[in-house]
Amino acid sequence: LYAAKDRGRNQYAFFKPELTLKVEQRFQVEQYLREAIEKQQLTLVYQPQINVSTGEIVGVEALSRWHHPILGDVSPVEFIATAERIGMIKQLTEWVLITACRQAILWKKQGFHNLRMAVNISPNHFLDEAIVPLVIRTVDETGISPLELELEVTESVVQTDQRNISVFKALKDFGIHLAIDDFGSGYSSFASLKHLEIDSLKIDKYFVDDMIADSSALLLISSMIEMGHKLGYEIIVEGVETSEQLKTLKSLDCINAQGYLFSKPVNASEISTLLECGRLTGCA
Ligand code: C2E
Ligand code: CA
Ligand code: CA
């Protein structure tokens, strides 16, 4: 069944003994993950988001990490998909939200104000209206201002599904910042952007990778930045790795960026050091 499903919809697969082994392995990983989420054994790292003209850290994106004693480090792309499949994504997101918001409050107590905390929300989770009370409860419990919390959702939710629209609206009414993640890479629906109250677009790394060598990628990214600004969105460009890319982005009036050039995702105390450093002239 899994082998057929992996090939897409309406597929078939013949049984082979190796498949039993694969299914057993998969089941084992699912068990490990279930346990890790229940026992809160995942960790969070944070990647700075930078204002490219001042070099100042304007926010961080929280990213989950899972290190298992036997499996080692498992990629978030893999374990997030597994968590979705086994119905554990809500529990995982709940933990990410509360942990990230508590951390944001700790940084505030250390004197770092106006730092936005971005949290990834799985598209399916966004279809569930229970996400709204969960976010409200997290904000109330932790004391973070809704304006300082940004939820990132991928383009696949930007469809005119009535459930999405009401979830977007309820979160927006509560004051939460909403960002479209991986913008430009998925099923972009400009028509639905019009219906949704979104604050930021995160332009996918794909365009940044190609923009130096490929003039059409450059044209696309510059058009997306210009269009985004004209529509009143904040723009963040993801996956900036070289100073040449940064220079080009500055020339396109890009304001915020994120990528290895500035910092890889790091633990909370390393972010504190970067924030400290950012206040010293010449250090950022
Ligand atoms: P994403 O949300 O698009 O996150 C950005 C990914 O790009 C992160 O990978 C980050 O480490 C990586 N990245 C950032 N700058 C650069 C760069 O300059 N170069 C390159 N090559 N990569 C860069 P990561 O942490 O492996 O996460 C992968 C994906 O897993 C995320 O993509 C997100 O979709 C998902 N994910 C991670 N944590 C969570 C979570 O807590 N909840 C949910 N729902 N998804 C998560
Ligand atoms: Ca993201
Ligand atoms: Ca992204």
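So, here's what we can say about the structure. Because the structure is a prediction, the values reported are computed rather than measured. (Residues numbered from 1 in each chain as written. Chains lettered and ligands numbered in written order. Predicted model: local features only at pLDDT ≥ 70, side-chain atom pairs only at ≥ 80, totals over all residues. Heavy atoms only, no water.)

## Re the overall build of the protein
Assigned secondary structure in the protein consists of 12 helices and 9 strands. For 284 residues, the compact-globule estimate of 2.2 N^0.38 gives 19 Å, and the C-alpha radius of gyration of the protein, at 20 Å, lies within 12% of that figure. For the C-alpha atoms alone, the extent of the protein along its principal axes is close to 60 × 45 × 35 Å. Contacts in the protein between residues far apart in sequence, at least 24 positions, make up 66% of those at least 6 positions apart. Counting every atom, the protein has about 15100 Å² of accessible surface; 53% of that belongs to carbon and sulfur. If you average the places of the 27 positive and of the 38 negative side-chain charges in the protein, the two averages end up 3 Å apart. (Helix = DSSP H or I, 4+ residues; strand = E, 2+ residues; numbered from the N terminus. Rg over C-alpha atoms; globule rule 2.2 N^0.38 Å. Contact = heavy atoms within 4.5 Å. Areas by Shrake-Rupley, 256 points an atom, 1.4 Å probe, with all protein chains shown as cover. Lys, Arg positive; Asp, Glu negative; His and termini not counted. Charge placed at Lys NZ, Arg CZ, Asp CG, Glu CD.)

## What to know about the coordination of the calcium ion (ligand 3)
Bound to the calcium ion (ligand 3) on the protein side are Asp181 (OD), Asp182 (OD), Glu238 (OE) and Glu238 (OE), at distances that span 2.2 to 2.5 Å. In the primary structure, the donors to the calcium ion (ligand 3) are separated according to the pattern D-D-x55-E. Between the calcium ion (ligand 3) and the calcium ion (ligand 2), both coordinated by Asp181, there is a metal-metal distance of 3.9 Å. Taken as a pair, Asp182 in strand β6 (residues 177-183) and Glu238 in the loop between β8 (234-237) and α11 (243-251) lie far apart in primary sequence, 56 residues in all. Among the residues examined, Glu238 registers a relative accessible area of 12% and is labelled buried. (Donors = N, O, S within 2.8 Å, 3.2 Å for Na, K, Ca; no water. Buried < 20%, exposed > 50% of the residue type's maximum accessible area, 1.4 Å probe, protein only.)

## What to know about the pattern of salt bridges
Two side chains that carry opposite charge are able to pair once their charged atoms sit near each other. Under the criterion given, the structure shown has 15 salt bridges. Connected through salt bridges with shared partners, the residues Glu61, Glu152, Lys202 and Glu238 form a single ionic network. (Salt bridge = Lys/Arg side-chain N within 4 Å of Asp/Glu carboxyl O.)

## Side note on the site of ligand 1
The environment of ligand 1 is made up of 21 residues, and the closest members are Ser64, Arg65, Asp181, Glu241 and Tyr260. In this structure, an oxygen atom belonging to ligand 1 sits 3.2 Å away from a side-chain N or O atom of Glu61. A distance of 2.6 Å separates an oxygen atom of ligand 1 from a polar atom in the side chain of Ser64. Protein chains shield 81% of the accessible area of ligand 1, which is 800 Å² for the free molecule. Listing elements by their share of the shell around ligand 1, those giving two or more residues are β2 (57-68), α3 (76-85) and β6. Counting residues per element, the shell around ligand 1 draws most heavily on β2, which supplies 4 residues. In the shell around ligand 1, the residues fall into 8 nonpolar, 6 polar and 7 charged. (Near = heavy atom within 4 Å. Polar contact = N/O pair within 3.5 Å; in protein donor to acceptor, adjacent residues only side chain to side chain. Nonpolar A, V, L, I, M, F, W, Y, C, P; charged D, E, K, R; others polar.)

## Observations regarding the coordination of the calcium ion (ligand 2)
Taken together, the protein ligands of the calcium ion (ligand 2) are Glu61 (OE), Asn120 (OD1), Glu152 (OE) and Asp181 (OD), with distances of 2.1 to 2.3 Å. Taken in sequence order, the residues that donate to the calcium ion (ligand 2) follow the motif E-x58-N-x31-E-x28-D.

## Observations regarding the packing of helix α6 (residues 131-142) against helix α7 (residues 162-173)
Relative placement of two packed helices is described by the angle separating their axes and the distance separating the axes. Following both chains from N to C, one finds α6 and α7 inclined at 20 degrees, their axes separated by 10 Å at the closest point. One way to sum up the angle between α6 and α7 is to call them roughly parallel. Considering only the axes of α6 and α7, their crossing is right-handed. Along its contact with α6, which presents Ile131, Val132 and Val135, the element α7 presents Val167, Ala170 and Leu171. Tallied by class, residues from the contact of α6 with α7 come to 6 nonpolar, no polar and no charged. (Axes fitted to C-alpha atoms, helices over the stretch in contact; angles between N-to-C directions. Parallel < 35°, antiparallel > 145°, perpendicular 65-115°, else oblique. Left-handed = near helix turned anticlockwise from the far one by under 90°.)

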